[in-house]
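Fold and geometry: a report
Chain by chain, the residues run as shown.
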Amino acid sequence: MLGLQWGDEGKGKILDVMAGEADWVFRAQGGNNAGHTVEIGREKYVLHLVPSGILRSGVSCLIAGGTVVDPAGLVSEIQGLHERGIRTKGRLYLSSQAHLVLPQHRAIDRSSEKKRGKERIGTTGRGIGPAYADKAARVGLRAGELALSPAELSRRIRERLRIHNQAARPQGWEAVAPTATLRQIEQAAKVLRPYLCDGVALAHHAVETGKKILIEGAQGTFLDVDHGTYPYVTSSHCTAGGACTGTGVPPTAVRRVVGVLKAYTTRVGSGPFVTEDGTLGHLLHGMGREFGSTTGRARRCGWFDAVLVRRAVRLNGVTELAMTNLDGLDGLEKIPVCTGYRLKGKVLREPPVEVSDWERCRPVYRVFPGWCEPTTEARRWRDLPPKARAYLAALSKMVGAPLGILSVGAGREQTFRHG
Ligand code: IMP
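Model, not experiment: these values are computed from the prediction.

Here's the deal with the packing of aromatic side chains
Counted under the stated rule, the structure contains seven aromatic pairs. Pairing Trp24 with Tyr93 gives two aromatic rings, centres 5.6 Å apart and planes at 55°, and the pair type is tilted. Taken together, the positions of Trp24 in strand β2 (residues 24-27) and Tyr93 in strand β7 (residues 92-95) put the pair 69 residues apart, joining distant regions of the chain. Overall, the relative accessible area of 13% leaves Trp24 in the buried class. By relative accessible area, which is 25% here, Tyr93 ends up partly exposed. Their ring planes at 85° and their centres at 5.6 Å tell us that Phe368 and Tyr391 sit as a pair that is edge-to-face.

As structure tokens, this is what we get:
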């Protein structure tokens, strides 16, 4: 299950419903830059690293090797779950292959953004890019190292910090205090050690014993480091290929690819956004919608972009769509949908490769009539107003994948299957 836009498609609530059929939920990539919101009755949970499957009893969860884990962040998330009576021992596993996000990564993230000025990416400031950079440079620390003797762990951390602090002044990064960092990581290591495992062996065992595995994507297709609006992307692979690489589940074991998307489009951070529309943003923010669950930032908002989603459907081999936030469009008389990009006198059906071209594209719209009535009470496809059904059917046709799941609100009961 993964996002087909720029993240925040409502994956948390789709996952929560799908997890009811799963034995395992795996998180494949990203770190605590993600924020998955799930509402169950009056309780609201925001999870950053722990897969939302943890909220379903009978489901076990793996934070797999493709992720980057902030040890202190994960500990506070686990403690938050315990405080609300949710058990994690024997249900939550952390792959020893996952890389650690350390304080110096956050320091570099903050300083790099400041240095970029107007060209900043608008990161979440969680140190994700620098942690993946260390991984690719083969100098990262992995979660498995939390199980080393305290003396050896401390030696490895000190060494990394020495290198960071030496480079800090010339690079314009903040220096990081070793003592406080060491204390923080040693404390986190004590809590996290019992959760460590060989994530790949766990995944293979689950596949071979016929367990149902749900791999939860974080961020979205156009934040993928290869396929997104580079450089305005995150540093991991948010597409279907990344789900396999990040977990060790072989591609041939994947039966279903559920693409989650909003009935309109949002993005946080900088980068091209062809259908961005300030009036729609104003309306949605006025309804209290579209504020980030990790940073609280107001999301940029725009109309549904079929050029983008058609690309995402093909990139990920999507077998069914899970459409969320239909209710966000309830009050509108007219709903534009982008069917092509106009650039230098031509109409494109594929997004351009260069981000500078992408920024210059103008949308070609087809306008749909709005349904002008609430959809939030719908519990089945046939409860939806005919104009809403026509809108959804047209989007599904344009992007080339069938509708499987629909969501008309934050509650568990407001998500239902198509048909
Ligand atoms: P980073 O992942 O913190 O490095 O941020 C890189 C870009 O990805 C920024 O535009 C962020 O706003 C965006 N981003 C990262 N995580 C999420 C997410 O979970 N939802 C939406 N956008 C995200």
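Quick notes on the pattern of salt bridges
Any two side chains of opposite charge can pair if their charged atoms end up close together. Tallying each qualifying case throughout the model produces 23 salt bridges. Of the charged contacts, one joins Asp327 and Arg289 as a salt bridge, the two residues approaching to 3.0 Å between their closest N and O atoms. One end of the pair, Asp327, is in the loop between β15 (320-324) and β16 (334-343); the other, Arg289, is in the loop between α9 (278-286) and β13 (300-302), with 38 residues separating them in the sequence. By relative accessible area, which is 16% here, Arg289 ends up buried. In the salt-bridge network here, residues are joined through shared partners; they are Asp8, Lys262, Glu290 and Arg299.

A closer look at helix α8 (residues 240-247)
The element α8 is largely enclosed, with a buried count of six among its eight residues. Listed in full, the buried residues belonging to α8 are Ala240, Gly242, Ala243, Cys244, Gly246 and Thr247. Where the residues of α8 are buried, they touch β1 (2-3), β2, α7 (199-208), β10 (213-216) and α10 (306-316). Once α8 ends, the next one or two residues include Gly248, with phi positive near 90°.

Topic: the domain arrangement of the protein chain
Under the domain assignment used here, the protein chain contains domain 1 (105-194) and domain 2 (260-419). Using C-alpha coordinates to define each centre, domain 1 is positioned 37 Å away from domain 2. On the domain 2 side, the residues contacting the six residues of domain 1 number five residues. Here domain 1 meets domain 2 over a buried area of about 370 Å², counting both sides, of which 40% is carbon and sulfur. Our count for the domain 1 to domain 2 interface comes out at zero salt bridges. Run the count over domain 1 and domain 2 and you get three residue pairs in polar contact (both at pLDDT 80 or more). Of the residues assigned to the side of domain 1 that touches domain 2, the class counts are one nonpolar, three polar and two charged.

Points about the sheet that holds β2
What the five strands build is an open sheet, ordered β9-β7-β5-β2-β10; its pairing is parallel. Across the chains shown, the open sheet's two edge strands, defined by having one partner strand only, are β9 (196-197) and β10. The sheet contact formed by β2 and β10 spans four bridges and is parallel. Within β10, the residue paired with Phe26 across the bridge is Ile215. In this fold α7 packs onto β2, β5 (60-63), β7, β9 and β10, with an angle of close to 145° to the strand it touches most, β2.

The rules behind the values
Residues numbered from 1 in each chain as written. Predicted model: local features only at pLDDT ≥ 70, side-chain atom pairs only at ≥ 80, totals over all residues. Heavy atoms only, no water. Phe/Tyr/Trp six-rings, centres within 6.5 Å; stacked < 30°, edge-to-face > 60°. Helix = DSSP H or I, 4+ residues; strand = E, 2+ residues; numbered from the N terminus. Buried < 20%, exposed > 50% of the residue type's maximum accessible area, 1.4 Å probe, protein only. Salt bridge = Lys/Arg side-chain N within 4 Å of Asp/Glu carboxyl O. Contact = heavy atoms within 4.5 Å. Domains from an automatic or database assignment. Buried area = accessible area lost by both parts, 1.4 Å probe. Polar contact = N/O pair within 3.5 Å; in protein donor to acceptor, adjacent residues only side chain to side chain. Nonpolar A, V, L, I, M, F, W, Y, C, P; charged D, E, K, R; others polar. Pairing = 2+ DSSP bridges. Axes fitted to C-alpha atoms, helices over the stretch in contact; angles between N-to-C directions.

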